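Overview (structure and organization)
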Amino acid sequence: MKLKSLVFALSAAAIIAGNACAQAPILIKFSHVVANDTPKGKAAERFKELAEKATKGRVKVEVYPNSTLYKDKEELEALQLGAVQMLAPSLAKFGPLGVKEFEVFDLPYIFPSKEVLYRVTEGPIGKDLFKKLEPKGITGLAYWDNGFKVMSANKPLHVPADFRGLKMRIQSSKVLDAQMRALGANPQVLAFSEVYQALQTGVVDGTENPPSNLYTQKMHEVQKHVTISNHGYLGYAVIVNKKFWDGLPPDIRTALEGAMKDATKYANAIAQQENDAALAAVQKTGKTTIYTLNDKEKAEWRKALAPVQTQMADRIGKDLIAAVNKEAAALGQK
Ligand code: LMR
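I will try to describe carefully the structure that is included in this document. (Residues numbered from 1 in each chain as written. Predicted model: local features only at pLDDT ≥ 70, side-chain atom pairs only at ≥ 80, totals over all residues. Heavy atoms only, no water.)

Here we look at the overall build of the protein
This is how it is decided: Labels follow the DSSP assignment, with helices taken as runs of H or I lasting at least four residues and strands as runs of E lasting at least two, numbered in each case from the N terminus. Burial classes follow relative accessibility: with a 1.4 Å probe on protein chains only, a residue under 20% of its type's maximum area counts as buried, one over 50% as exposed, and anything between as partly exposed. The contact definition used throughout considers only heavy atoms, calling two residues in contact when any of these lie within 4.5 Å. Here the Shrake-Rupley method, with its probe set to 1.4 Å, supplies the accessible areas, and only the displayed protein chains count as covering residues. Under the convention used here, Asp and Glu are negative, Lys and Arg are positive, and both His and the chain ends fall outside the count. Charged groups are reduced to one reference atom each: NZ for lysine, CZ for arginine, CG for aspartic acid, CD for glutamic acid.
Helix and strand counts for the protein stand at 14 helices and 11 strands. Along the three orthogonal principal directions, the C-alpha set of the protein runs to about 90 × 45 × 30 Å. For the protein, buried positions account for 51% of its 334 residues. Partitioning the intrachain contacts of the protein with sequence separation of at least 6 by distance along the chain shows that 76% fall at a separation of at least 24. Put simply, the protein shows about 15200 Å² of open surface, and 55% of that area lies on carbon and sulfur atoms. Of the charged side chains in the protein, 45 are positive and 35 negative, and the gap between their average positions amounts to 3 Å.

This is the structure we're talking about:
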């Protein structure tokens, strides 16, 4: 090849490579531990759709559900290292990161209704909690709802005495540990991906989760009894690697913020119906007995679990607990 044509060919190749580089989409790996067919799974897919549309393909979102990429603890480490960019861990999983305040969401009966919950997540308390993530290299973007939890085991769970001696799987929250002990059970922390097998093999006897998680992980196949107790709440914080987020072109970040806002509306709109549908589906299998606590039993659960707030006050912060209770009182619900 003559020198002139060689120079021409090389410059053309450089232009093509340059264009390819300029057009390579920004990749967001979004890892989570639940099934696609849950409030979080569906909202993650909705975010992907909205984000890719809003950025006209300049951002590509890859969603990895069901712990296919990382399990609970690993995913938080991966986010901090930048191996993934986005997660939505349950609010009960921030303790090991050193942000214990999020465990306020786990306190039994702290939210008398979703109305109170939203005042907390959408108001100054939710924002202050997100600020605590910044020194960890994490930015909080949104709170996604799931729902109030049911309890399950292979025996009926009607009153606190029924929990005595049971090994109950919990998430890595000290509040949940205290909750299970207050009921007389032995709590055991396990990653979400390990729960089904642990229940099946008898490593643990029972667990708690909103019905959507119970059903989509098929836990009902290995749990004969489910109690609708609504004793505690489970929701998520959608979080991103701070360095990644701060380094995005401003127009892209704004577009992604818009997509997140819409995905959040969607997540919160479907949470209750997904859980109702899951409970109906469990009932339909005919394999699991679903029991709703009566008023007398509810009072017994409340009494047994009441000390947990005081026990955990030093860990979570008295002021934070009081601030949440104040939101409930403001709505006349405390
Ligand atoms: C659990 O580990 O029980 C759940 O928090 C999983 C999830 O993300 O909903």
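Comments concerning helix H3 (residues 72-81)
One full turn of an α-helix is made of 3.6 residues, so residues set three or four places apart face in the same direction. How we decide: Working definition: the arc comes from the directions between the helix axis and the C-beta atoms, pointing outward to the latter.
Looking at H3, one finds that the buried residues are Asp-72, Glu-75, Leu-76, Ala-78 and Leu-79. Along the axis of H3, the buried positions cluster into a sector of 160°, meaning they face one direction only. Of the exposed residues in H3, the ones pointing more than 90 degrees away from its buried face are Lys-73 and Leu-81. Looking one or two residues past H3, Gly-82 carries a phi angle of roughly 85°, positive in sign.

Quick word on the pairing of strand E5 (residues 150-153)
Rules: Whether two strands pair depends on DSSP finding at least two bridges between them.
Burial along E5 is two-sided: the residues Val-150 and Ser-152 and Met-151 and Ala-153 are all buried. Bridge count between E5 and strand E8 (residues 206-209): three bridges; the pairing is antiparallel. Following the sheet pairing, Met-151 is matched in E8 by Glu-208. Relative to strand E9 (residues 225-228), E5 is paired through three bridges, and the arrangement is antiparallel. Across the sheet, the residue bridging to Met-151 is Thr-227, located in E9.

Describing the sheet that holds strand E6 (residues 167-170)
What counts here: Orientation is described by axes fitted as lines to C-alpha atoms, over the contacting stretch for helices, and by angles from 0 to 180 degrees between their N-to-C directions.
Sheet architecture is open: six strands sit in the order E7-E6-E8-E5-E9-E11, paired in mixed fashion. The strands lining the two open edges of the sheet, one partner per strand, are strand E7 (186-189) and strand E11 (289-292). Across the sheet, the mean angle from the axis of one strand to that of its neighbour is 25°, orientation sign disregarded. Contacts between helix H6 (residues 174-182) and the sheet are confined to E5, E6, E7 and E8, with E6 contributing the most and set at about 160° to the helix.

Details of helix H4 (residues 114-122)
Regarding H4, the residues found buried are Lys-114, Val-116, Leu-117, Val-120 and Thr-121. Projected onto a plane normal to the axis of H4, the buried residues spread over an arc of 155° and lie on a single side. Buried residues along H4 sit in contact with helix H5 (124-131), strand E4 (138-148), strand E10 (233-241), helix H10 (250-285) and helix H14 (318-330).

Here we look at unusual backbone geometry
Of note in the backbone geometry, Ser-67 takes a positive phi value of approximately 60° without being a glycine. The phi torsion at Lys-218 lies on the positive side, around 60°, for a residue other than glycine. On the basis of relative accessibility, which here comes to 44%, the residue Lys-218 falls in the partly exposed class.

Here we look at the site of the ligand
Note the threshold: Here a residue counts as near a molecule or strand whenever at least one of its heavy atoms sits within 4 Å of it. Pairs of N or O atoms are called polar contacts if they sit within 3.5 Å, as long as, within protein, a hydrogen donor faces a hydrogen acceptor (for residues adjacent in sequence, only side-chain-to-side-chain pairs).
Around the ligand, the neighbouring residues are Val-33, Val-34, Lys-40, Ser-90, Lys-93, Arg-169, Gln-171, Phe-192, Asn-209, Asn-213, Leu-234 and Tyr-236. Between the ligand and Lys-40 there is a distance of 2.6 Å, counted from an oxygen atom to a side-chain nitrogen or oxygen. Residue Gln-171 places a side-chain N or O atom 2.6 Å away from an oxygen atom belonging to the ligand.

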